[in-house]
Amino acid sequence: MSTPDAIVRHPLLSGTQRVAALWFDAERLPEAVRAQRILSAWRTGAQALRFAEGDLLRFPADVTLRCADAPGEALCRFDGDRLGSAPLSRAERADIGDADLVIVRNARTHGLRLRDGIALDPSRWIDTGEYTLHDTYDCSDPTPPIRVGALEGKSARTVFGDKVPGAAPEREGLMRAFAALRGNARDAQGGRQGSGSGVAGWLAGAAAKAAQALQPRGSAPARPSALREAMTRLALATRVSSLIGRKQAAYLQRMMRHFDDGDLNEALRHAIPLNGSGPSLGQAFSTPGRRDSLNFSQGVGGSYDIHVPDDLQTHLQRVYRQAFERLDKLGRIDEAAFVLAELLNARQECLDYLERHGRARQAADLALGWDMPVATCTRLLLLGGDWSRAVLLARRENAFAAVVPQLEKKDPALALKLRIAWGETLADQGEWLAAVDAVWPVPQARNLAIEWLRTAERAGETLSARALVRRAALLPDTLDDYRERIEALSDPATGPDVRDAVARALLDAAASSDALSEMALRILPALAADRAESLNNLDAAQLQRLLTRANDPALAADVPAWRTPQASTTTSHWTTAATAPWSAPAAGLHAIEDAVPLPRRRYLVALGESGLAVIDQNGRALHRYPVPCHRIVIADNGAIALAVAGREQAVRVTRIDLDRQAATDLGTLVLQHFAPRFDGIGWSIVADGRILVLDTAKSLREVLWHVGDLPGPVVASRHTASHELHLIRSGNIFQLWSYALPARKMIARDMVQPDPERRLLLVPPSGVLEGNLHRSADGALFVDFAKGAASPPGIAWQAPAQAPSNSYGAVQLSIGASSPQGNRRMPLDPAHTLAHVDLQHTLHGLWLAAMITDGDRPLATRINIYRHDDGLCVQTGDWPADAAPRVREHGDGLLVFDARGRLLDLSPKRATPIAISML
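Residues numbered from 1 in each chain as written. Predicted model: local features only at pLDDT ≥ 70, side-chain atom pairs only at ≥ 80, totals over all residues. Heavy atoms only, no water.

S.K.: Explain the overall build of the protein chain to me, and be specific about the residues and the numbers.
M.R.: Within the protein chain one finds 24 helices and 38 strands. Taken across its 919 residues, the protein chain has 50% of its residues classed as buried. In the protein chain, the share of contacts with a sequence separation of at least 24, taken over all contacts with a separation of at least 6, comes to 56%. When the accessible surface of the protein chain is totalled, it reaches about 42300 Å², and 49% of it is carbon and sulfur. (Helix = DSSP H or I, 4+ residues; strand = E, 2+ residues; numbered from the N terminus. Buried < 20%, exposed > 50% of the residue type's maximum accessible area, 1.4 Å probe, protein only. Contact = heavy atoms within 4.5 Å. Areas by Shrake-Rupley, 256 points an atom, 1.4 Å probe, with all protein chains shown as cover.)

S.K.: Any chance you could break down the state of the cysteines for me, citing the residues and the numbers?
M.R.: A complete count under the given rule lists 0 disulfides for this structure. Just so you know, Cys-76 is unpaired, no disulfide at all, and the nearest cysteine sulfur is the one on Cys-67, 6.0 Å from it. (Disulfide = S-S within 2.5 Å.)

S.K.: Please set out the layout of surface pockets residue by residue, giving values where relevant.
M.R.: Each pocket or cavity is described by its volume, and for the second largest pocket that value is around 1300 Å³. Taken together, 34 residues make up the lining of the second largest pocket; nearest its centre are Arg-77, Phe-78, Arg-93, Arg-454 and Asp-481. Elements with a contribution of two residues or more to the lining of the second largest pocket: strand E1 (16-25), strand E4 (73-78), strand E5 (82-84), helix H18 (446-457) and helix H20 (483-489). When residues in the lining of the second largest pocket are grouped by element, the largest group, 5 residues, is from H18. (1 Å grid on protein atoms, 1.4 Å probe; cavity = no way out; pocket = protein on both sides within 12 Å on 5 of 7 lines; lining within 4 Å. Points joined across faces, edges and corners; volume = space filled by probe spheres on them.)

S.K.: Lay out the sheet that holds strand E26 (residues 745-752) in plain terms, naming residues and giving numbers.
M.R.: Strand order in this open sheet of 4 strands is E23-E24-E25-E26, and the pairing throughout is antiparallel. Edge positions in the sheet fall to strand E23 (714-719) and E26, since each of these pairs with one other strand and no more. Going from strand to strand, the sheet's axes swing by 15 degrees on average, the running direction of each strand aside. Taken together, the 8 bridges between strand E24 (residues 723-730) and strand E25 (residues 733-740) define a ladder with antiparallel strand orientation. Counterpart to Leu-727 in the pairing with E25 is Leu-736. (Pairing = 2+ DSSP bridges. Axes fitted to C-alpha atoms, helices over the stretch in contact; angles between N-to-C directions.)

S.K.: Report on the pattern of salt bridges, specifying residues and quantitative values.
M.R.: Applying the stated criterion to the full structure yields 51 salt bridges. The shortest N-O distance in the salt bridge between Glu-27 and Arg-105 comes to 2.6 Å. Remark: Arg-105 occurs in strand E6 (residues 101-105) and Glu-27 occurs in the loop between E1 and helix H1 (31-41); sequence separation between them is 78 residues. Residue classification places Arg-105 among the partly exposed residues on the basis of a relative accessible area of 21%. Between Lys-410 and Glu-355 there is a salt bridge whose closest N-O contact spans 2.6 Å. Remark: Glu-355 occurs in helix H11 (residues 347-356) and Lys-410 occurs in helix H15 (residues 400-410); sequence separation between them is 55 residues. Assessed through its relative accessible area of 18%, Glu-355 is described here as buried. Ionic contacts of the salt-bridge type, sharing partners, join the residues Asp-480, Arg-483, Glu-487, Glu-518 and Arg-522 into one network. (Salt bridge = Lys/Arg side-chain N within 4 Å of Asp/Glu carboxyl O.)

S.K.: Talk me through the nonpolar core; I want residue IDs and the actual numbers.
M.R.: Phe-259, Tyr-320 and Leu-366 are the most contacted members of the largest nonpolar core, which has 95 residues in total. With 8 residues, the top contributor of residues to this core is helix H10 (residues 333-343). Setting aside residues up to four positions removed in sequence, Leu-366 forms contacts with Lys-154, Ser-155, Ala-156, Val-159, Phe-160, Cys-350, Leu-351 and Leu-354. One finds Ile-486, Val-502, Ala-503 and Ala-505 within the second-largest nonpolar core, a separate group that totals 29 residues. (Core = buried A, V, L, I, M, F, W, Y, C linked by side-chain atoms within 4.5 Å.)

S.K.: Outline the side chain of Asp-878, supporting the account with residue identities and numerical values.
M.R.: Counting through the fold element by element, Asp-878 comes out in strand E34 (residues 873-880). According to the relative accessible area criterion, Asp-878 is buried, its value standing at 16%.

S.K.: Before we move on, can you summarise the pairing of strand E31 (residues 833-842) with the specific residues and values?
M.R.: Here 8 bridges tie E31 to strand E32 (residues 845-854), and the two strands are oriented antiparallel to one another. Bridge pairing in E32 places Asp-838 opposite Ala-849.

S.K.: Break down a nonpolar patch on the surface for me, with residues and values.
M.R.: Side chains of Leu-39, Trp-125 and Ile-126 sit close together on the surface and give an oily, nonpolar patch of about 240 Å² of accessible area. Position of Trp-125 relative to the elements: it lies in the loop between strand E8 (118-120) and helix H2 (156-160). (Patch = residues over 30% accessible without salt bridge, like charges linked within 9 Å, V, L, I, M, F, W, Y side chains within 5 Å.)

S.K.: With reference to specific residues and values, describe the packing of aromatic side chains.
M.R.: The relation between two aromatic rings is expressed through the spacing of the ring centres and the mutual angle of the planes. The full count for this structure, using the stated rule, is 7 aromatic pairs. Residues Trp-582 and Trp-879 carry aromatic rings whose centres are separated by 6.4 Å and whose planes lie at 75 degrees to one another, so their mutual orientation is edge-to-face. Residue Trp-582 is found in strand E9 (residues 582-583), and its partner Trp-879 is found in strand E34; the two are separated by 297 residues along the sequence. Between the aromatic rings of Phe-674 and Trp-683, the centroid separation amounts to 5.5 Å while the plane-to-plane angle is 65 degrees, which identifies the pairing as edge-to-face. With a relative accessible area of 15%, Phe-674 lands in the buried category. Residue Trp-683 is classed as buried on the basis of its relative accessible area, which comes to 0%. (Phe/Tyr/Trp six-rings, centres within 6.5 Å; stacked < 30°, edge-to-face > 60°.)

S.K.: Can you break down the environment of Cys-67 residue by residue, with the values?
M.R.: Relative to the elements of secondary structure, Cys-67 occurs in the loop between strand E3 (54-66) and E4. For Cys-67, a relative accessible area of 11% puts it in the buried group. In this structure, the C-alpha to C-alpha distance between Cys-67 and Arg-18, residues 49 residues apart in sequence, is 9.5 Å. Discounting chain neighbours no more than four positions away, the residues touching Cys-67 are Leu-13, Ser-14, Gly-15, Gln-17 and Ala-74.

S.K.: How would you sum up the environment of Glu-648? Please name residues and give values.
M.R.: Within the secondary structure, Glu-648 is located in the loop between strand E15 (640-646) and strand E16 (651-657). When its relative accessible area of 71% is taken as the criterion, Glu-648 is described as exposed. Sequence-wise, Glu-648 and Val-670 are 22 residues apart; in three dimensions their C-alpha atoms are separated by 9.7 Å.

S.K.: Hey, could you go over unusual backbone geometry for me, with residue numbers and the actual values?
M.R.: Residue Pro-742 follows Leu-741 across a cis peptide bond; omega there is 5 degrees. Note on placement: Pro-742 falls in the loop between E25 and E26. For the bond from Pro-764 to Pro-765, the omega torsion is 10 degrees, close enough to zero to count as cis. Relative to the assigned elements, Pro-765 resides in the loop between strand E27 (759-763) and strand E28 (767-775). Despite not being glycine, Asp-688 has its phi angle at roughly 55 degrees, a positive value. Judged by its relative accessible area of 61%, Asp-688 is exposed.

S.K.: Explain helix H13 (residues 374-383) to me, and be specific about the residues and the numbers.
M.R.: Judged by how many residues are buried, H13 sits mostly within the fold: 8 of 10 residues are covered. Of all the residues in H13, the buried ones are Ala-375, Thr-376, Cys-377, Thr-378, Arg-379, Leu-380, Leu-381 and Leu-382. In this structure, the buried residues of H13 make contact with H11, helix H12 (360-369), helix H14 (387-397), H15 and helix H16 (412-428). At the C-terminal side of H13, Gly-385 shows a positive phi close to 80 degrees.

S.K.: Describe the packing of helix H21 (residues 496-508) against helix H22 (residues 514-532), listing the residues and the values that go with them.
M.R.: Following both chains from N to C, one finds H21 and H22 inclined at 135 degrees, their axes separated by 10 Å at the closest point. Comparing their axes, H22 and H21 come out oblique. Viewed along their axes, H21 and H22 form a crossing whose handedness is left-handed. Between H21 and H22, the residues in contact are Pro-496, Arg-499, Asp-500, Val-502, Ala-503 and Leu-506 and Leu-516, Met-519, Ala-520, Ile-523, Ala-526, Leu-527 and Asp-530, respectively. Residue composition of the contact of H21 with H22, grouped by class: 10 nonpolar, no polar and 3 charged. (Parallel < 35°, antiparallel > 145°, perpendicular 65-115°, else oblique. Left-handed = near helix turned anticlockwise from the far one by under 90°. Nonpolar A, V, L, I, M, F, W, Y, C, P; charged D, E, K, R; others polar.)

S.K.: Give a detailed account of the sheet that holds strand E13 (residues 621-625), specifying residues and quantitative values.
M.R.: Strand order in the open sheet formed by 4 strands is E10-E11-E12-E13, with antiparallel pairing between adjacent strands. On the outer flanks of this sheet lie strand E10 (594-598) and E13, each paired with one strand and no other. Across the sheet, the axes of successive neighbouring strands diverge by a mean angle of 20 degrees, strand direction being ignored. Sheet topology places strand E11 (residues 602-606) next to strand E12 (residues 612-615); 4 bridges connect them, and they run antiparallel. Looking across to E12, one finds that Leu-604 is bridged to Val-614.

Have a look at this one:
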């Protein structure tokens, strides 16, 4: 179809564009030339179609091309997934009808339908007759090596290498002696640390007394003479000798003489560090027994806890400082920096010194080892030219916002480059609008930002509405194509949540423009009506700010006083004892292996080898992903997911971009435990005796954080949004390691002695519950928790009369006579058997499920959920016996599902569960 009367003002695309397809016109290009050009531009996953007017090559994903260099006419997307060879105005699109392919020929539009095209197979155009074909070998490694240690730091001696003399063997003995001295001082002070009392206080004053004897009265302080230095050494050595032995005292005296004589090589070999715990760094990311925080590459102390008495420390500080000044004047940069780093423990001064002398790479390695602020480490890596490690560190710690401002004045070009990496990181996390903001100041990245903006516009209603505000702020000239959407925002049929999202985006917008004012003007009346009905939480001040942004005197004159009744609040419905049980949904058509909730009451369900599907609350599939999936790892924002499929010894992992509806195979991996959630990039796993956080943006090889050298295997892990717990077995002893997220700071490492007869539950932030199951004479099943188990905070259940005497608390599964009145559940008598008891701790309550059987015949699975604070049963119901229910916790509640396609969404925010049958 064509429009002979409409003249297209701009008949071709120009410049650099995000190109979705190429058009090869039949009038200008012979068939052989078209075939050759299609083959030259072919990409894996592309599609070729033939029309009478020419051939079309569709790319699997949009690519950035310079239109003048393209082998065919570039086609870009418009109005969703339509393809066009020109930037058509709204009027020029009016007569193209339902065409989804628009070619401009002779300045007029010509519309085609993709479904009318004939599929081409370009492989038939390649003559392979003269090639000899051989069988190929599969050289792929199902478990490619994980790159561990990219962000490890280095010790000062490693960084400076042979520029610094090695430590003298005798130094070890002196460090041991000082470690013992500190232990004695602790014992004398009842465990208190300080220098004003005990042994350390007894040492104080020796050097001061020697100085007073040699210093003339009334004279100004001067540099100590050689005689005074000798007297000071003698006094200190005499005092120290009485505590740590003559051999160590002699060593200390020789060390100070080396400094006085200017023999700096020998002095550095014998010098002991100050204000620290031995050498500045051992093995980075080693076992947490040698550190308190695992935020990232931890500065690890030496083997001995050294306590140098105050008077000796003051004297050594002066000696070391003089040595540093001499080395600096001699231009011996490495040795001077070593004195700052290793002996004076002046870490930030050492980094500044190295940076000032153009040694940013050395400074970065030291900063990583010392666990300096992540912005400092990233900046030094960038200045040292180590781009890949800098970006890896910034991605792990989300440090771009702190580093970019530091670089903008010092190195603007590097700051702009880092902004692009920042935007790509946010896009990898599904934070499309934040990614747009990050790269918008970079002119050469505008096309990339516009692509991300379009992705947000195609996403859910709320994100799409916020993207519309961002377009009005950044690209106001393009808003004419979105008039219908803006008008729809004021329609009562549009949900109040969408309007509320637009309003808050307008309130957050820093820029001012006519486009933003028009949007505020359009939605403000409907927003005020929503607020009057308590459908949003905007206050009068926020409504007034929107009125000011609308900048319409007539509206301002007509607006009455804002009606802001108390907004509705969400209250928990799990506050009273369950009186009416819920009913499980009917069986569906597909087995559900796992499920997670998505925004707008949608769900992502794993269907095993049948793939992955997004379904609505009616069980209808909205989109399917043909990748195997048995477990789902979901991003916190619900935009990215990992599909994990179990194999014989490994798992296959596929990255799912839910906004773009794209799937990327990340490969296979052998692991033991993994987190069910992540931030869109960093995924916590346990594999090969290590706790790892992998960067999942493109593969499973990059490690963002890790702990190795574990004392034994990890036998259980628990991951929540705020904590991570690992139970590690070391012989007959168990250790519970607890980390606080997102900093990954170790908050506890406790010894645990679990009773093998009890169920052990890991309870964040750092506790355990040991449950024991009992059944009373009347048929009731209850679980008690043994005294001596680590009782997590907030749990205060009272043991019922029938609980054993060694219990501190219990919950009871109500069955038979103890069932609530009006309960429509199946009655149970003591003759019934309870099998397959499932006990789990969730953030929303204790989950207890047991299958009820009559002899060998299963009847149902009884499910109860108990409140944490008092053990009250707040949810109860029976699940059909044809499939065992499984539970998954999420931020708003619990999902229960089974292999017969049933899905039940339980939430304290809703009085009635959502029951879904998978269609």
